[in-house]
Every structure is written in structure tokens, then in C-alpha cells.
Amino acid sequence: MATIGGMKIVCPGSYDPVTSGHIDVFARGLRFADQLVAAVVHNPNKTGTFPVDRRVELIRAGLQEDPRTAGALEEGRIIIDDVAGGLLVDYCTRIGAAAVLKGLRSSTDFAYELPMAHMNRHLTELETIFIAGDPRFEHVSSSLIREVHSLGGDVEGLVPTAVLEALDARRG
């Protein structure tokens, strides 16, 4: 499938941790752009489950595990960036991104994301591309993964192998 000539898109998230649903959105987002930036957005004053540098490593490992994204990562078509605070529109302007990519699992996600998309467009005319999430991951969120795993539940297949190993190591 052809991409929209030279376009760079940003896929923002906390990715604490990255899930198989996120990796799927990255892979499918490459159909629309020549470069996709997985922007690890975080508040430097808050501590997540994994430190930001570890989240970046886990995203990289997840991308390398998926045959749809491994080559794109090596070719520089996918970039992983640490974004500490500020407005997403300012970040997108700074790096020359034409749009934001958001995966939607449900109408609840759409209701949450739509006002932000409108505000981003109001502020700088930044467009948002919504992509329907893979139904296999409709129930998957980073917070649910953390909770289920911490209580001994099986999250294999819902996260990349490196994430499962990192979660296991945290649990001890």
C-alpha cells in the first residue's frame, strides 16, 4: 500500500507497558506515512511502573519481535522518542509531523480522544487519524495488563515477550 508522500505521524502514549495492541497500531500506521514516531509521553514529576528509558527499550523489543515493524525500525521509518511534558501540538510542530495517529478500541476511546483531536486542530490545524484497533486486543490496556499480571493472571500474547519478561522480573 502506498503511503502519503513524505508524511510523518506521531503515535503518542505512555506505553507503561507497551502492548500487542500498540505494536499493531504502529504496524498499521506505517501504511499511512513514511515515518511513524512512537512518542513516549510522560510527566517527569510522576513515576510509572517502568522508567521512561525502560519503556523505550520495551517498545524497541516489541517492534523487533513483530515482522511487520522490525525492518521499519531498522530503516528509521519508526522512531521512538521520549517526550517529557508540554503540548503534543508543539512537539508535532517541532518535529514536522503532519498528524497524530490514535488507535481506538471502543466508542469510549473515541469519546475520550475526539475532544483532544478537535483541540489539536484548533490550536495548530494538526489532524488526527483514528484507526480501529484489532478486535483481538479490544480489551487490552496497559493498566489492565499491569493489574492482571500483578495478581498472577496470564497476559501472554497480549504484550511483547520482552514486556512479559520485564513484568515477571518486577513481580519476582
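Let us look at the structure shown here. (Residues numbered from 1 in each chain as written. Predicted model: local features only at pLDDT ≥ 70, side-chain atom pairs only at ≥ 80, totals over all residues. Heavy atoms only, no water.)

**What to know about unusual backbone geometry**
Selection rule: The helix and strand labels rest on DSSP assignments: H or I over at least four residues marks a helix, E over at least two residues marks a strand, and numbering proceeds from the N terminus.
Note the cis peptide between Asp16 and Pro17, where omega equals 5 degrees. Looking at where Pro17 falls in the secondary structure, it is placed in the loop between strand S1 (8-13) and helix H1 (20-29). Non-glycine residue Tyr15 carries a positive phi angle of around 50 degrees. Structurally, Tyr15 is set in the loop between S1 and H1.

**Some remarks on helix H4 (residues 88-95)**
Stated precisely, the cut-off is as follows: Working definition: with a 1.4 Å probe on protein chains only, accessible area under 20% of the residue-type maximum means buried, over 50% means exposed, and in between means partly exposed. To obtain the arc, one takes the directions from the helix axis to the C-beta atoms. Here, residues are in contact when the closest pair of their heavy atoms is within 4.5 Å.
Here H4 has its buried residues at Val89, Tyr91 and Cys92. Axial view of H4: buried residues confined to an arc of 160 degrees, hence all on one face. Opposite its buried face, H4 presents the exposed residues Thr93 and Arg94, each directed more than 90 degrees away. Against the buried residues of H4 lie S1, strand S2 (35-42), strand S3 (78-84), strand S4 (99-104) and helix H5 (107-124). Note on H4: the residue one or two positions beyond its end, Gly96, has a positive phi of about 80 degrees.

**Examining the packing of helix H2 (residues 52-65) against helix H3 (residues 67-75)**
Test applied: Note on definitions: angles span 0 to 180 degrees between N-to-C directions of axes, and those axes are lines fitted to C-alpha atoms, for helices only across the stretch in contact.
Interhelical geometry of H2 versus H3 gives an angle of 120 degrees and a closest axis separation of 5 Å. On the side of H2, the interface is formed by Arg60, Gly62, Leu63, Gln64 and Glu65, while H3 contributes Pro67, Thr69, Ala70, Leu73 and Glu74.

**Quick notes on the state of the cysteines**
What is meant by a disulfide is a covalent connection between two cysteines, made through their sulfur atoms. Convention followed: By disulfide we mean two sulfur atoms from cysteines, separated by a distance within 2.5 Å.
Under the criterion given, the structure shown has 0 disulfides. Free of any disulfide, Cys11 has its nearest cysteine sulfur in Cys92, 11 Å distant.

**Notes on the sheet that holds strand S5 (residues 127-132)**
We count it as follows: Strands are labelled as partners when DSSP assigns at least two bridges between them.
If you trace the 5 strands from one edge of the open sheet to the other, you get S3-S2-S1-S4-S5, paired in parallel fashion. The strands lining the two open edges of the sheet, one partner per strand, are S3 and S5. The mean angle between the axes of side-by-side strands here comes to 30 degrees, regardless of whether they run parallel or antiparallel. As paired elements, S1 and S2 share 6 bridges and run parallel to each other. From the neighbouring strand, Gly13 faces S2, where its bridge partner is Val40. Of the strands in this sheet, S4 and S5 are in contact with H5, which crosses S5 at around 160 degrees.

**Re the pattern of salt bridges**
Heads up, the condition is: Any carboxyl oxygen of Asp or Glu within 4 Å of a side-chain nitrogen of Lys or Arg constitutes a salt bridge here.
Here the structure, examined in full by the defined rule, presents 10 salt bridges. Arg68 is the partner of Asp24 in a salt bridge, and the nearest nitrogen-oxygen pair spans 2.9 Å. Taken together, the positions of Asp24 in helix H1 and Arg68 in helix H3 put the pair 44 residues apart, joining distant regions of the chain. A relative accessible area of 3% means that Asp24 is categorised as buried. Of the charged contacts, one joins Asp168 and Arg171 as a salt bridge, the two residues approaching to 3.6 Å between their closest N and O atoms. A residue pair is termed a helical-turn pair when its members lie 3 or 4 positions apart in one helix, as Asp168 and Arg171 do in helix H7 (residues 161-171) at 3 residues. For Arg171, a relative accessible area of 43% gives the class partly exposed.

**Focus on the packing of aromatic side chains**
To keep it simple, the criterion reads: By convention, a stacked pair of Phe, Tyr or Trp rings (six-membered ring in the case of Trp) has centres within 6.5 Å and planes under 30 degrees apart, an edge-to-face pair has planes over 60 apart, and any other such pair is tilted.
A complete count under the given rule lists 2 aromatic pairs for this structure. Measuring from ring centre to ring centre gives 5.5 Å for Tyr15 and Phe26, while their planes differ by 65 degrees; the resulting arrangement is edge-to-face. Here Tyr15, found in the loop between S1 and H1, pairs with Phe26, found in helix H1; they are 11 residues apart in sequence, far enough to count as distant. The exposure class of Tyr15 is buried, given its relative accessible area of 3%. Ring geometry for Phe110 against Phe130: centres 5.5 Å apart, planes inclined by 70 degrees, an arrangement best described as edge-to-face. Residue Phe110 is located in helix H5, and its partner Phe130 is located in strand S5; the two are separated by 20 residues in the primary sequence.

Keep in mind these values describe shape, not function.
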